[in-house]
Amino acid sequence: MPDSGAVLARKPALDVDKIRKDFPVLSRTINGKPLIYLDNAATTQKPWSVINRRFKFESEEYGTVRRGAYKLSERSTQLYEESRRKVADFLGAASKEEIVFTSGTTQSINLVAYSFGRRFVNAGDEVVISNIEHHANTVPWQVLCEEKGAVLKVIPVNDDGELIMTEYDKLLSKKTRLVAVNHVSNALGTVNPAREIVRKAHAAGAKVLIDGAQSAPHMQIDVRELDCDFYTFSGHKMYGPSGVGGLYGKMEVLETMPPYVTGGDMIVHVTLEKTTYAKPPSRFEAGTPPISQVIGLGTAIDYLNGIGMDKIGEYEHSLLEYGTRLLRDIPGLRIIGTARDKASIISFYLDAAHPHDVVTILDQDGIALRGGHHCAQPTMKRFGVPATARASMSFYNKYEELDALAASIRRTIKIFS
Amino acid sequence: MSYSNELYQQVILDHNRKPRNFREMPNATHFCHGFNPLCGDDITVYLDVDKDNVIQDVSFTGSGCAISKASSSLMTVHLKGKKIEESKVIFDEFHKMVLGEFDPGKSENHLGKLTLFMGVREFPSRIKCASLSWHTMIGALEKKAEGITTE
């Protein structure tokens, strides 16, 4: 998978009107206006197939997984493991055992910070993150470093919101244990050069976590080609249920890691004196997992595969280009995040109105987008704004919706000027 | 008397554009810093209270959304000349009004123009914007050195 390379805007590669019928919420109105949902970087809407799959599972097939010897439990276990296979194939993992189900990206990163971090990061060691991480990929490393007496290093970004790779080179050394960066910035949309980041970190002897919360829903991912040691994702950002996500880890790395949460299902043998841990992924899946959510996630992946990630990426890029052109022409609007390689996220700041006022006015027009610091306060500080408004597009969005967004922004400016 | 549930009324927009008493107060007897970590609204409220507990002067500085700025501005206008005890009563009425627990249309009140903020109750995510300056004012009166945060 290429890290960069602009995809040219073309005629829609997708039948968007047909796709929109798959998402029931998209036909509702907000404040009497058709819903225009542009907060896809926060969470995505669900297609009928996911909704129906979970309904069927919970009404006809539901049982516990990995422990019952009766039909319902066997069937649930089979479906649960099929989902793991689907995720593994979707990400290009070598085996399905390299996929650990978690509650989402935040828990996946915490799993690595607690399990890998507590075992392999020691006093004087260094962990590298970037200046454009969300808090989920910042705070766990701060806590780890504080606890271990390790040092957190931060890759700076330029004014376009791109990582300064020459500075990254300088941060790497024999002391570097782990590099943890996002694939796509949730606040700016920057697509980071993940392969290059991984290659350089490995050359320094460090492991790499790629936070894929914002990349998995929008581009073809191949973890083996990226060669990352860990890759994290959230189901609810890829048209699946909330409450489920996952961690990909190279088997040889996962095998070296102790459990993170302990309890049932992650053991081979328990006596009162000693417990033998199960192999990955079970070692990291203590307790009863979110079964229905995992199965819904598998269905969401089927849905994405049915459209094709290449087509999704191409169409979303054309939305990004179209939206960027529209917004750039609005006087008093500043786009925050102008990297050459971007995912379909446009963060902006208006001279005339605070982002929270912007989203309140836009909501009156039925337009849902996020205003705030996007759980990325260090990023906001870097660009000298308290917050931004952010439009994040999905393959179910239309050009006309971006026209409506631009009109609504112009109306907002008029109100506050 | 009926009140509007519209959020951005002309008076609010006007106070956002031209906030009143928007200045530091070097000789303040009371001041406090207020911060909303969710949206970054960041204000400081200053009071000059005389020996009879009358607020002789009140001002604010900082940055925030239109609702928080207009609310701060209208608060300063409303509290000047009031006694501390009265300002606490007004705080209570204002706070309950924006939470939807007090209807100034049905009860006697001391809110005056502040009823313009009645519409905030329809926007739960904006209640903290409207009430930040008020909490900060109370924090100043109570000499909260550590400041106020909404979270």
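Bear in mind that the values here come from a model prediction, so they are computed numbers and not experimental data.

Parameters and conventions
Residues numbered from 1 in each chain as written. Chains lettered and ligands numbered in written order. Predicted model: local features only at pLDDT ≥ 70, side-chain atom pairs only at ≥ 80, totals over all residues. Helix = DSSP H or I, 4+ residues; strand = E, 2+ residues; numbered from the N terminus. Contact = placed C-beta atoms within 7 Å. Domains from an automatic or database assignment. Nonpolar A, V, L, I, M, F, W, Y, C, P; charged D, E, K, R; others polar. Axes fitted to C-alpha atoms, helices over the stretch in contact; angles between N-to-C directions. Parallel < 35°, antiparallel > 145°, perpendicular 65-115°, else oblique. Left-handed = near helix turned anticlockwise from the far one by under 90°. Buried ≥ 20, exposed ≤ 12 C-beta atoms within 10 Å, placed from the backbone. Expected span 1.5 Å × (residues − 1). Arc of directions from axis to C-beta. Pairing = 2+ DSSP bridges. Right-handed = clockwise from strand over helix to strand, strands pointing away.

**Some remarks on the overall build of chain B**
Here is step 1: Helices and strands together make up the secondary structure of chain B, namely four helices and four strands.
Here is step 2: Tracing chain B from N to C terminus, the helices and strands come up as α-β-β-β-α-α-α-β.
Here is step 3: Taking the principal axes of its C-alpha atoms as reference, chain B extends roughly 40 × 35 × 30 Å.
Here is step 4: Residue pairs at least 24 apart in sequence account for 62% of intrachain contacts in chain B once pairs closer than 6 positions are excluded.

**A closer look at the domain arrangement of chain A**
Residues and elements named next belong to chain A.
Here is step 1: Under the domain assignment, chain A is made up of domain 1 (16–47 + 308–416) and domain 2 (51–305).
Here is step 2: Across the contact, 27 residues belong to domain 1 and 30 residues belong to domain 2.
Here is step 3: Considering every element that reaches the side of domain 1 that touches domain 2, the biggest residue donor is helix α11 (residues 309–328), with five residues.
Here is step 4: Broken down by class, the residue content of the side of domain 1 that touches domain 2 amounts to twelve nonpolar, nine polar and six charged.

**What about the packing of helix α4 (residues 105–120) of chain A against helix α5 (residues 139–148) of chain A?**
Residues and elements named next belong to chain A.
Here is step 1: Contact geometry for α4 and α5: axes closest at 9 Å, N-to-C directions at 20°. It follows from the interaxial angle that α4 and α5 lie roughly parallel. The crossing of α4 and α5 is right-handed. Of the residues in α5, those touching α4 at Ile-109, Asn-110, Ala-113 and Gly-117 are Pro-140, Trp-141 and Leu-144.

**Regarding the interface of chain A and chain B**
Here is step 1: Contacts between the two partners involve eleven residues from chain A, matched on the other side by 13 residues from chain B.
Here is step 2: Of the residues forming the side of chain A that touches chain B, the biggest block, three residues, is contributed by helix α12 (residues 355–364) of chain A.

**Here's the deal with unusual backbone geometry**
Here is step 1: The peptide bond linking Pro280(A) to Pro281(A) adopts the cis configuration, its omega dihedral lying at 5°.
Here is step 2: Along the chain, Pro281(A) falls in the loop between β12 (275–277) and α10 (291–307).
Here is step 3: Of note in the backbone geometry, Asn31(A) takes a positive phi value of approximately 50° without being a glycine.
Here is step 4: Tracing the chain through its elements places Asn31(A) in the loop between β1 (29–30) and β2 (33–34).
Here is step 5: One non-glycine residue, Asn53(B), lies in positive phi territory at about 65°.
Here is step 6: Structurally, the position occupied by Asn53(B) is in the loop between β2 (41–49) and β3 (55–63).
Here is step 7: For Asn53(B), a count of 13 C-beta atoms within 10 Å translates into the label partly exposed.

**Focus: helix α2 (residues 48–61) of chain A**
Residue and element names in this part refer to chain A.
Here is step 1: Under the 1.5 Å per step criterion, the end-to-end length of α2 is 18 Å for 14 residues, consistent within 8% with the ideal 20 Å.
Here is step 2: Taken together, the buried positions of α2 are Val-50, Arg-53, Arg-54 and Phe-57. Looking down the long axis of α2, one finds its buried residues gathered within 95° of arc, a one-sided arrangement. Of the exposed residues in α2, those oriented more than 90 degrees away from the buried face are Ser-59 and Glu-60.
Here is step 3: In the core, the buried residues of α2 are packed alongside α3 (71–91) and α10.

**Here we look at the pairing of strand β5 (residues 126–130) of chain A**
The two faces of a sheet get side chains in turn, since along a regular strand they alternate between them.
Residue and element names in this part refer to chain A.
Here is step 1: When you tally the buried positions in β5, you get five out of five residues, the bulk of the element.
Here is step 2: Side chains of β5 alternate between two faces, with Glu-126, Val-128 and Ser-130 and Val-127 and Ile-129 buried alike.
Here is step 3: Relative to strand β6 (residues 151–155), β5 runs parallel, the two sharing five bridges. By the bridge assignment for β6, Glu-126 is matched with Val-151.
Here is step 4: Regarding the hand of the β-α-β motif, the stretch spanning β5, α5 and β6 is right-handed.

**What to know about the sheet that holds strand β9 (residues 230–234) of chain A**
All names here are of chain A.
Here is step 1: Taken together, the seven strands give an open sheet; going across it, the order is β4-β10-β9-β8-β7-β5-β6, and neighbouring strands pair in mixed fashion. Pairing within the sheet leaves two strands with one partner each, and these edge strands are β4 (99–102) and β6. Each adjacent strand pair in this sheet contributes to an overall mean axis angle of 20°, direction not counted.
Here is step 2: As defined by bridge partners, strand β7 (residues 176–182) adjoins strand β8 (residues 207–211) across five bridges and the pair is classed as parallel. Within the sheet, the bridge partner assigned to Val-179 lies in β8 and is Val-208.
Here is step 3: The strands touched by α3 within the sheet are β4, β9 and β10 (245–249), with β4 carrying the most contacts at an inclination of about 115°.

**Observations regarding the sheet that holds strand β16 (residues 370–372) of chain A**
All names here are of chain A.
Here is step 1: Pairing within the open sheet is antiparallel, and its four strands lie in the order β13-β14-β17-β16. Of all the strands in the sheet, just β13 (333–336) and β16 have a single pairing partner and so form its edges. For this sheet, the mean angle separating the axes of adjacent strands, direction not counted, is 30°.
Here is step 2: As paired elements, β16 and strand β17 (residues 388–392) share three bridges and run antiparallel to each other. In the sheet register, Gly-371 faces β17, and the bridge partner there is Ala-389.
Here is step 3: Most of the contacts of α12 go to β16, to which it runs at about 160°, and overall it touches β14 (345–350), β16 and β17.

**Section: the packing of helix α2 (residues 66–79) of chain B against helix α4 (residues 127–141) of chain B**
Think of two packed helices as two axes; the pair is described by the angle between the axes and how far apart they sit.
Residue and element names in this part refer to chain B.
Here is step 1: For the pair α2 and α4, interaxial distance at closest approach is 6 Å and the crossing angle is 40°. Regarding the angle of α2 to α4, the classification is oblique. Crossing hand, α2 versus α4: right-handed. Note on element contacts: α4 touches α2 through Cys-129, Ala-130, Leu-132, Ser-133, Trp-134 and Met-137, opposite Ile-67, Ser-68, Ser-71, Ser-72 and Met-75.
Here is step 2: A class-by-class count of the residues in the contact of α2 with α4 yields seven nonpolar, four polar and no charged.

**Looking at helix α14 (residues 399–416) of chain A**
All names here are of chain A.
Here is step 1: Its 18 residues give α14 an end-to-end C-alpha distance of 26 Å, which sits within 8% of 26 Å, the value for a rise of 1.5 Å per residue.
Here is step 2: Every buried residue of α14 is listed here: Glu-401, Leu-402, Leu-405, Ser-408, Ile-409 and Thr-412. Viewed end-on, α14 has its buried residues packed into an arc of 115°, placing them on one side of the element. Exposed and facing more than 90 degrees away from the buried side of α14 are Glu-400 and Lys-414.
Here is step 3: Buried residues in α14 make contact with β3 (36–37), α11, β13, α12, β15 (367–368) and β17.

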